[in-house]
Amino acid sequence: MARRVQNVCQKAIGFLDDPSENAHGVADWLAQSLTDTRKEPTMTAAEVLPAAMERLWREGGDAISTGIAELDHITDGGMRAKELWVIGSQPSGGKSSLCRQIERAVLTQGVGVHSHSIEVPKEDWVLFNVAHLAQIEAWRLRRAWKMNTMEKERMTKAARKVHEWPHVIDDSGSVHINQLIARSRQSRIKHGTLVHTIDYLQMIDGDQREERHKITHICKSLKQFSKDQNCTVILLSQMARQGDINARPTMQHLKESGGIEAAADVILLNYRPKDTQTETYTGEDEVIIAKQRNGAIGKMEMVYNPNTLTFDRRTQ
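Think of each chain on its own: its residues are numbered from 1, step by step along the sequence as written. Totals for whole chains, interfaces and linings use all residues, but because this is a predicted model, local features are given only for residues with pLDDT of at least 70 and pairs of side-chain atoms are given and counted only at 80 or more. Just so you know, side-chain values use all the structure's heavy atoms and leave hydrogens and water out.

Asks: Requested: an account of the pattern of salt bridges, with residues and values cited.
Replies: For salt bridges, the criterion is a side-chain nitrogen of Lys or Arg within 4 Å of an Asp or Glu carboxyl oxygen. Taken as a whole and judged by the stated rule, the model has 12 salt bridges. A salt bridge links glutamate 210 to arginine 212; the nearest nitrogen and oxygen atoms lie 3.3 Å apart. For glutamate 210, a relative accessible area of 41% translates into the label partly exposed. Residue classification places arginine 212 among the partly exposed residues on the basis of a relative accessible area of 46%. Here aspartate 285 makes a salt bridge to arginine 272, at a shortest N to O gap of 3.8 Å. Of the two residues, aspartate 285 sits in strand 7 (residues 285–292) while arginine 272 sits in the loop between strand 6 (266–271) and strand 7, which places them 13 residues apart along the sequence. Under the scheme applied here, a residue whose accessible area is under 20% of the maximum for its type counts as buried, over 50% as exposed, and between as partly exposed, the area being computed with a 1.4 Å probe on protein chains only. Judged by its relative accessible area of 1%, aspartate 285 falls in the buried class. For arginine 272, a relative accessible area of 14% corresponds to the buried category. Salt bridges linked by common partners bring Glu137, Arg140 and Glu151 together as one network. Segments assigned H or I by DSSP are reported as helices when at least four residues long, segments assigned E as strands when at least two residues long, and all are numbered from the N terminus.

Structure (structure tokens):
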């Protein structure tokens, strides 16, 4: 073991002597190499089969519920380890809200979540969750001084619950993909976080000059991270604006969609049509399952609640 650590560190020093190498990339490689179990990447079917059969007979017990019954049904139980999920929408389309909604469902199951928020401060992130548990409209957080005694008590009670959640939040802003993965790996090791959410894809930095190459590299890296660390990654992505505001989105509307489509196991697209006269939302919202590597695709008829920042099942 001592010789192995020496060899790894010497290689890292050699990489750093090359001015063309990225320091974040070397640090990520070093962390991965030092935690490597030294198992061979190739295995025979006889070696793989016992664990595979054990997983099969658990009958989906390793799935983590999304908190949305219809989505759990379509995905046969929810999210699984080694999967990359992508949530796409146009700006203000509710992708962050849907992500937080799934996070809360995961956290209430006692499952650890690591949230990387590039735009939303960590204080706002936790207060949104407190307000939701307290059944207080999210917009009232800006007018907290107007809450009555009963509402303040509900907020305090909800804050105690959120305090106990296994939730790790990183709001360090724009970050290089190598640095993001290094922090996520550290969270996985230190806190045991099984679900990692990233808000959002287009704000992550990379070494590639062309945007499509950068997006492809980021998606591949995050998919590989989910496999290496046996966790689920939820990646948020913007969609390109369309000429027709009510055009139903497809995977091709994701910005630089090729690399996203290839890497993702599940792709969810928010669809919120507007009245063409008033440009107000009609309430006939949908969450479209545009891709599911191991299951069906389709749509869920939902309605977005701007007070609670959640997608609820639409009632006829």
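Next comes the rest of the account.
Asks: Provide a residue-level description of the sheet that holds strand 8 (residues 298–305), including the pertinent values.
Replies: Remark on secondary structure: sheet strands pair via backbone hydrogen bonds, oriented parallel or antiparallel. What makes two strands pair is DSSP finding at least two bridges between them. Strand order in the open sheet made by the nine strands is 3-2-4-5-1-6-7-8-9, with mixed pairing throughout. Each having just a single partner strand, strand 3 (167–170) and strand 9 (310–313) make up the two edges of the open sheet. Averaged over all pairs of adjacent strands, the angle between their axes in this sheet comes to 25°, without regard to strand direction. Pairing between strand 2 (residues 113–117) and strand 4 (residues 195–199): five bridges, direction parallel. Where helices are involved, their axes are fitted lines through C-alpha atoms of the stretch in contact, as for all axes, and angles between N-to-C directions lie from 0 to 180°.

Asks: Lay out the nonpolar core with the relevant residues and their values.
Replies: What makes a nonpolar core is a set of buried Ala, Val, Leu, Ile, Met, Phe, Trp, Tyr and Cys residues whose side-chain atoms join them at distances within 4.5 Å. In terms of nonpolar packing, the biggest core is built from 37 residues, with Met79, Ile87, Leu98, Val106, Ile234, Leu268 and Met300 touching the most fellow members. Top contributing element to this core by residue count: helix 5 (residues 95–108), with five residues. Any two residues whose heavy atoms approach within 4.5 Å at even a single point are treated as in contact. Here isoleucine 87 is in contact with Lys95, Leu98, Cys99, Ile102, Ile234, Leu235, Leu236, Ser237, Leu268 and Asn270, once residues within four sequence places are set aside.

Asks: Run through the packing of helix 1 (residues 2–16) against helix 2 (residues 23–34), naming residues and quoting values.
Replies: It is the contact of helix 1 with helix 2, at a shortest axis distance of 10 Å, that shows an interaxial angle of 170°. Our classification of the angle between helix 1 and helix 2 gives roughly antiparallel. Contacts from Arg4, Val5, Val8, Lys11, Ala12, Phe15 and Leu16 of helix 1 reach helix 2 at Ala23, Val26, Trp29, Leu30, Ser33 and Leu34. Under the scheme applied, nonpolar residues are Ala, Val, Leu, Ile, Met, Phe, Trp, Tyr, Cys and Pro; charged residues are Asp, Glu, Lys and Arg; polar residues are all the others, including Gly. Residue composition of the contact of helix 1 with helix 2, grouped by class: 10 nonpolar, one polar and two charged. In what follows, roughly perpendicular refers to angles from 65 to 115 degrees, roughly parallel to angles under 35, roughly antiparallel to angles over 145, and oblique to any angle outside these ranges.

Asks: Can you explain the packing of aromatic side chains? Please cite residues and give values.
Replies: The geometry of an aromatic ring pair is captured by the separation of the ring centres together with the interplanar angle, meaning the angle of the planes. Centres within 6.5 Å are what make two rings of Phe, Tyr or Trp a pair, Trp counting through its six-membered ring; a difference in plane orientation under 30 degrees is then read as stacked, over 60 as edge-to-face, and the rest as tilted. Inspection of every chain in the model, using the stated rule, returns two aromatic pairs. With a centroid separation of 4.9 Å and an interplanar angle of 50°, the aromatic rings of tyrosine 304 and phenylalanine 311 are classed as tilted. Each member of the pair, tyrosine 304 as well as phenylalanine 311, carries the same accessibility label: buried. Comment: the charge-over-ring label is applied if NZ (Lys) or CZ (Arg) is within 6 Å of the ring centre and within 35 degrees of the ring normal. Lying over the aromatic face of tryptophan 125, arginine 100 brings its terminal NZ or CZ to 5.1 Å of the ring centre.

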